[in-house]
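Residue strings, one per chain:
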Amino acid sequence: MLQQPDRGAADHIFAVYGMLLDMYFSMSLQEIVHLKVADHLSEGPQSVEVLAKQVGVQADMLALHMRTMCSKDIFVEIEEGVFAHTERSRYLQTDIPCSLVSVSELIRSDSQRAVWTPEALAYSIRTGKSAFEHILGENLWSFLGTHPEDLAIANGAVVTLSDSLNEVIAEVLDLTDRRSFVDVGGGDGSFLATLLSKYPETTGALLEVPPMIENVKAQEFISELAGRYTYHSGDFLEGVPEGGDAYLLKEILTHWNDEACLKILNNCRKAMAPAGRLYVIEYILQTPPAKFTPYLVTGLIHRQWFDEDYQRTVPQLQRLLEQAGFEVVSHTPTSTDDSILTAQVRA
Ligand SMILES: C[S@@+](CC[C@H](N)C(=O)[O-])C[C@H]1O[C@@H](n2cnc3c(N)ncnc32)[C@H](O)[C@@H]1O
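Under an unreviewed UniProt entry, the protein has the name Methyltransferase and belongs to Ktedonospora formicarum.

**Q** Whenever I open this one, the site of the ligand confuses me. Can you help?
**A** Around the ligand there are 15 residues in total, and S162, G185, E208, D235 and K250 lie nearest to it. Taking D235, its side chain carries an N or O atom lying 2.8 Å from a nitrogen atom of the ligand. Between a nitrogen atom of the ligand and a main-chain N or O atom of K250, the distance comes to 2.8 Å. Considered on its own, the ligand offers 590 Å² of accessible surface; in the complex 79% of this is hidden by protein. Of the residues that constitute the shell around the ligand, the class distribution is 5 nonpolar, 6 polar and 4 charged.

**Q** I tried to follow the sheet that holds strand β6 (residues 229-233) on my own but got confused; where do I start?
**A** Paired through their backbone hydrogen bonds, the strands of a sheet run either parallel or antiparallel. If you trace the 7 strands from one edge of the open sheet to the other, you get β6-β5-β4-β7-β8-β10-β9, paired in mixed fashion. The two strands at the open ends of the sheet, each matched to only one other strand, are β6 and β9 (326-333). Looking at each pair of strands side by side, their axes are set apart by 20° on average, direction ignored. As paired elements, strand β4 (residues 180-184) and strand β5 (residues 203-208) share 5 bridges and run parallel to each other. Its bridge partner being in β5, D183 is matched across the sheet by L206.

**Q** Teacher, can you tell me more about the packing of helix α3 (residues 48-55) against helix α4 (residues 59-70) here?
**A** Helices that pack against each other are described as a pair by the angle of their axes relative to one another and the distance between those axes. For the pair α3 and α4, interaxial distance at closest approach is 9 Å and the crossing angle is 105°. Judged by the inter-axis angle, α3 sits roughly perpendicular to α4. Seen from α3, the contacting residues are V48, E49, L51 and A52; seen from α4, they are A59, L62, A63 and M66. For the contact of α3 with α4, the class distribution of residues is 7 nonpolar, no polar and 1 charged.

**Q** Help me understand the UniProt feature "domain: O-methyltransferase C-terminal" (unreviewed entry) in the protein in this model?
**A** Under the present numbering, the feature "domain: O-methyltransferase C-terminal" (unreviewed entry) in UniProt falls on residues 121-327. A helix fraction of 49% and a strand fraction of 14% characterise residues 121-327, whose end C-alpha atoms lie 39 Å from each other.

**Q** It is not clear to me how the sheet that holds strand β2 (residues 76-79) should be interpreted in this structure. Could you clarify?
**A** If you trace the 3 strands from one edge of the open sheet to the other, you get β1-β3-β2, paired in antiparallel fashion. The outermost strands of the open sheet, each flanked by one partner alone, are β1 (46-47) and β2. Against the sheet, α4 contacts β2 and β3 (82-84), and its axis sits at roughly 45° relative to β3.

**Q** Looking at this structure, I do not really get the side chain of T254. What am I missing?
**A** Among the secondary structure elements, T254 is positioned in the loop between β7 (246-250) and α14 (258-271). Beyond its immediate chain neighbours, meaning those up to four positions away, T254 contacts E282, D309, Y310, Q311 and R312.

**Q** Mind showing me how you'd approach helix α15 (residues 294-305) here?
**A** Taking 1.5 Å per residue, 12 residues should reach 16 Å; α15 reaches 17 Å between its end C-alpha atoms and fits that length. Those residues of α15 lying buried are Y295, G299, H302, Q304 and W305.

**Q** So what exactly am I meant to see when it comes to the pairing of β7 here?
**A** Burial of β7 is extensive: 5 of the 5 residues sit out of reach of the surface. Judged by which residues are buried, β7 turns out to be covered on both faces: A246, L248 and K250 on one side and Y247 and L249 on the other are all buried. As judged from the 3 bridges shared by β4 and β7, these two strands associate in the parallel manner. For V182, the partnering residue across the bridge sits in β7 and is Y247. Examined bridge by bridge, β7 and strand β8 (residues 277-283) share 5 bridges and lie parallel to one another. Bridge pairing in β8 links L248 to Y279. Chirality of the crossover, the property in question, places the unit of β7, α14 and β8 among those that are right-handed.

**Q** Is there a simple way to think about helix α16 (residues 314-323) in this case?
**A** Along an α-helix, residues three or four apart share an orientation, since each turn contains 3.6 residues. Among the residues of α16, those classed as buried are L317, L320 and L321. For α16, the buried positions fall inside an angular range of 95° around the axis, keeping them on one side. Packed against the buried residues of α16 are α14, β8, β9 and β10 (338-345). G325 sits one or two residues past α16 and shows a positive phi near 90°.

**Q** I tried to follow the pattern of salt bridges on my own but got confused; where do I start?
**A** Inspection of the entire model under this criterion finds 7 salt bridges. Taking the shortest distance from any N to any O, the salt bridge between R178 and D177 comes out at 3.1 Å. Given the relative accessible area of 8%, R178 is considered buried. One salt bridge in this structure joins E214 and K217, with 3.3 Å as the shortest N-O distance. Separated by 3 residues within a single helix, E214 and K217 lie in helix α12 (residues 210-217), roughly one turn from each other. The partly exposed category is assigned to E214, whose relative accessible area is 49%. Residue K217 is classed as partly exposed on the basis of its relative accessible area of 41%.

**Q** It is not clear to me how unusual backbone geometry should be interpreted in this structure. Could you clarify?
**A** Keep in mind that most residues, glycine aside, have a negative phi and that most peptide bonds are trans. Cis rather than trans, the peptide bond between T287 and P288 has omega equal to -5°. Among the secondary structure elements, P288 is positioned in the loop between β8 and α15. Of note in the backbone geometry, F75 takes a positive phi value of approximately 70° without being a glycine. Within the element layout of this structure, F75 appears in the loop between α4 and β2. Positive phi, close to 60°, is recorded for C98, a residue that is not glycine.

Rules behind the numbers
- Residues numbered from 1 in each chain as written.
- Predicted model: local features only at pLDDT ≥ 70, side-chain atom pairs only at ≥ 80, totals over all residues.
- Heavy atoms only, no water.
- Near = heavy atom within 4 Å.
- Polar contact = N/O pair within 3.5 Å; in protein donor to acceptor, adjacent residues only side chain to side chain.
- Areas by Shrake-Rupley, 256 points an atom, 1.4 Å probe, with all protein chains shown as cover.
- Nonpolar A, V, L, I, M, F, W, Y, C, P; charged D, E, K, R; others polar.
- Pairing = 2+ DSSP bridges.
- Helix = DSSP H or I, 4+ residues; strand = E, 2+ residues; numbered from the N terminus.
- Axes fitted to C-alpha atoms, helices over the stretch in contact; angles between N-to-C directions.
- Parallel < 35°, antiparallel > 145°, perpendicular 65-115°, else oblique.
- Contact = heavy atoms within 4.5 Å.
- UniProt positions renumbered as here; feature names shortened; annotations may be inferred.
- Expected span 1.5 Å × (residues − 1).
- Buried < 20%, exposed > 50% of the residue type's maximum accessible area, 1.4 Å probe, protein only.
- Right-handed = clockwise from strand over helix to strand, strands pointing away.
- Arc of directions from axis to C-beta.
- Salt bridge = Lys/Arg side-chain N within 4 Å of Asp/Glu carboxyl O.

Structure (structure tokens):
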């Protein structure tokens, strides 16, 4: 007799079917972002006919895409054929802090699509090597060096994803008894600026590679925090600014192999003031993961780009820290998927 799946099986089948379709949902969302529909809703709700004229597409097609977005709280259909922003869709506008437009455009860019084909995935999963280099013939950094548009989009994406977490991490990162912060590989410098604003009696030093320092110099907070904020161009594999009592490694160790991590950690230990502390802030891998987090897919993206990338578990990070002469004193989760491991020099 023909065996039919029961109700429970149908639920599972449809759940997995939905996951297989996630790629098309994402592509639809990317197209809506690319058309700048969100910008046309910034002044208030709008009918799909007017929106379609503004962005130069067919109204019935746009309505199909918009309703699919609404099912995940991206835009809301307030009456039939009239759409408005939700808290989520606001971040799809172009000129707002933490806009997701660069992130969407990065995913949609030719170079990224080239490394997310079945052939590219088959290559990386079989060889463990960078599909980016295999397909585009050069590594990501040299590619970005000769493609300024891609570089601007990639920088915008990094800044959004990093800045959006500054406040939530600063909320749980307790630096009350610290006076001098060093942000090692501090990116655009905004995290350090957030911490200096939260702790007015402190000073901070940022270490970055020379091109990033040029970006940091241009930031508004540099003049606002004059006298308290210094920036240093250098290489954390060689050394880090001395004398701080709080060394921050935010989204750093995850990109380096154990040998390089030990160099960075040892440099921090040697440079820090007596009773200094080290704060490792990044996604900490759970095996198996308790829930889905975008960081899991970010890990896959990094392995399409690079031969190496390391999301580590608490015991793995703990071992590295111990090898570099530290002991972990606390593990603090944040309201995002990042955690903070606090360490001090082992007595
Ligand atoms: C993933 S980003 C993290 C940036 C920042 N900590 C954040 O959380 O937004 C890694 C940073 O390390 C910097 N970096 C890479 N190699 C470096 C090196 N050898 N010395 C100093 N900084 C470096 C990069 O320029 C980049 O800004």
